Amino acid sequence: MRKTKRVFWGFLPLDYKAIETYLEEMAEKGWMLEKVGAWAAKFRAIEPQKLKFYIDVFKEGGPFAPENTKEAEEYRNLCLESGWSFITSRDYLQFFYAEGDDNLTSIQTDEVLEQKIVESTLWRGQLISVIICTIFAIKAMSLYFPPRYKFLLSFVGVAGMLLFPLLFISVILPAAYDLIRTLRARRNINRGLPIEKPTLEGARKRMMALHGPTFVIGVIIALAIITDSFFRPQVVAMSLAGPIIGMVIGLILRYIIKRKATDKKDSVLYVTFAILGVLFFSAIANPLLSGIGVGSSYKRDIIPEGYPAITMSDLLEGSQQGTSVYSEFNAGMSPIIPKHYSYLETWDVNGTNENIRVKYYKTIHPRFAEIIFNGITAELREGIKWKDMILFRKTIISDDEMKNLWNVNNLALTEARDEIIIQKGNIVVHLSGNIDFENRHVRELIIDNFLSLVETNIGEI
Amino acid sequence: MDVSIIDIVFLGGNAVAREQLKTLTEQMYYILLSLISPNHGYGIMQEVDRRTQGRVKIGAGTLYNLLSRFEEEYIIEQISEEDRRKTYVITQKGLDILKEEYQRLIQLVSDGRCFLEGGKQDA
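All figures in this text were calculated on a predicted structure; none of them were measured in a lab.

Peer 1: A description of the pattern of salt bridges should follow, citing residues and the corresponding values.
Peer 2: If you walk through the whole model with that rule in mind, you get 26 salt bridges over all chains. Across the pair Glu114 of chain A and Lys17 of chain A runs a salt bridge whose closest N-O atoms are separated by 3.7 Å. Here Glu114 of chain A is found in helix 3 (residues 111-144), whereas its partner Lys17 of chain A is found in helix 1 (residues 16-28), with 97 residues between them in sequence. We classify Lys17 of chain A as buried; its relative accessible area is 13%. Across the salt bridge formed by Glu47 of chain B and Arg50 of chain B, the nearest N and O atoms sit 3.1 Å from each other. Remark: Arg50 of chain B and Glu47 of chain B occur in helix 3 (residues 41-51); sequence separation between them is 3 residues, near one turn of the helix. Ionic contacts of the salt-bridge type, sharing partners, join the residues Lys17, Glu20, Glu114 and Lys197 of chain A into one network.

Dropping the structure here:
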């Protein structure tokens, strides 16, 4: 028989009274609480027995308070003298048990006082965490709104764009519910009614309502990150470096404050060190990682099988001679765009460097192809903002005659006619470089290579 | 004395006393009463239990919260500490509050006697 076991611990702080029932049930099954962590609680095997549990809110505890301060020891000692044995603590919550004595005095005997402490600790703490979460959620959502076509190119982009609003809702709704519960408890106190004790069943439902969607969304985003890291590991590493460094520093800080410090004043010092640490690592890590450059494990110098493309050699006329100087191929995929790539090729043609760049997108539906087409043309039109300047801004023109000639749904050109963006059905191609788009041979080559693959069942719009 | 009961038992910005009653709670009253002589936490619990013959029970958490607040407000003071056991005694300020409450309770009983027993006599 196992001596210890860990179980998922997702109870909401305001449901702390319901946990007593849960612990009583566990003791009757032969499991005694030993330790409570952020996500799991550790139980040890005991003889199945009836035990009484009491979970109290210690107003001097908290996420940044050491667990074993002199005050906490004094308070626990007082509880012990009155018959309650201390088990463990987690932030504000203190866990006690007693062997079946029906006459044992409860740890809290003043409901009003207890409610006020709950309001000033748990509720305030939860409100602060919800406000912080909301700020982060709004900041994160602002990255995805208005949606940009580039989000459609990666798994994380698609997952984030679709799931962040849901994640935001899954955080806000339980907080709003807790606010209503707190207000109801306060109203009951004012009316001289007892505080409603949450049931274990209700606490479990709330736990599922809060953690269920968050867990599912978290798993989806984690899978998206893993999939994206296959195509662009350094980009993923760069974006994860900050949160991972912050999390490691946070966990070390928490361990030192919670287990090593014995004075509340210590935590201020440690938090200051942690903030300085994060700033220091951010200052070092970012330039270091930026220096690595944005690479791709899928980067190669030839176009692999299965990717429709045109190369410089296809475009060269018979009289032109040249040699390849450089070529680079980068591919990616997402649930919306199962195949996309960028190909750059530079040739030395009769002593001068000529190049072409091909960007190809095959989407699951023509609607997404249109979004990509509009996104690319808007990006070219707006240019790139750098300091107070706007660089690479281009004038985009449409040419209906050319559009009919190419037989595509959408076509846009730069005024210099050195770039063309075409969309037909579920395919978008963006070509630039030393290409003569007016040339019939070039047009046929592009149509044959790219647009003949438009999926007719979804491509015709 | 210009300190009201509500001022005294103001807990971290939250009024603990029953504002609607404008009085100390029964538990507060007995804790202060037990500290006329120096006493420690568990001693207070036992003393209150003994004096009220088990009618008023004070939980350890409630006692800890009230003692720490009373101490902050200088209603009681710590006079010694031994083996994580602090011994407290009521201050002059606390004594004044207790006497004021005592007078108020006497007034309540007196008013009650006048109305209830007087009513009986009239009948």
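Following the structure, the description resumes.
Peer 1: An account of the side chain of Lys5 of chain A is requested, with residue identities and associated values reported.
Peer 2: Residues and elements named next belong to chain A. Within the secondary structure, Lys5 sits in strand 1 (residues 4-8). Buried charged residue Lys5 carries no salt bridge. Nearest counter-charge: Glu25, at 11 Å. With near-sequence residues (within four places) excluded, Lys5 lies in contact with Met26, Trp31, Ala41, Lys42 and Phe43.

Peer 1: Help me get a handle on the sheet that holds strand 9 (residues 352-362) of chain A, residues and values and all.
Peer 2: Residues and elements named next belong to chain A. Taken in spatial order, the 7 strands of this open sheet run 7-8-9-15-14-13-12, and their pairing is antiparallel. In the strand order of this sheet, the two ends are held by strand 7 (322-332) and strand 12 (396-397), each with one partner. Pairing between strand 7 and strand 8 (residues 339-349): 10 bridges, direction antiparallel. Note on strand 8: the bridge partner recorded for Ala331 is Tyr341. Relative to strand 14 (residues 419-424), helix 9 (residues 366-382) is tilted by about 165°, and along the sheet it contacts strand 9, strand 12, strand 13 (410-414), strand 14 and strand 15 (427-433).

Conventions and cut-offs
Residues numbered from 1 in each chain as written. Chains lettered and ligands numbered in written order. Predicted model: local features only at pLDDT ≥ 70, side-chain atom pairs only at ≥ 80, totals over all residues. Heavy atoms only, no water. Salt bridge = Lys/Arg side-chain N within 4 Å of Asp/Glu carboxyl O. Helix = DSSP H or I, 4+ residues; strand = E, 2+ residues; numbered from the N terminus. Buried < 20%, exposed > 50% of the residue type's maximum accessible area, 1.4 Å probe, protein only. Lys, Arg positive; Asp, Glu negative; His and termini not counted. Contact = heavy atoms within 4.5 Å. Pairing = 2+ DSSP bridges. Axes fitted to C-alpha atoms, helices over the stretch in contact; angles between N-to-C directions.

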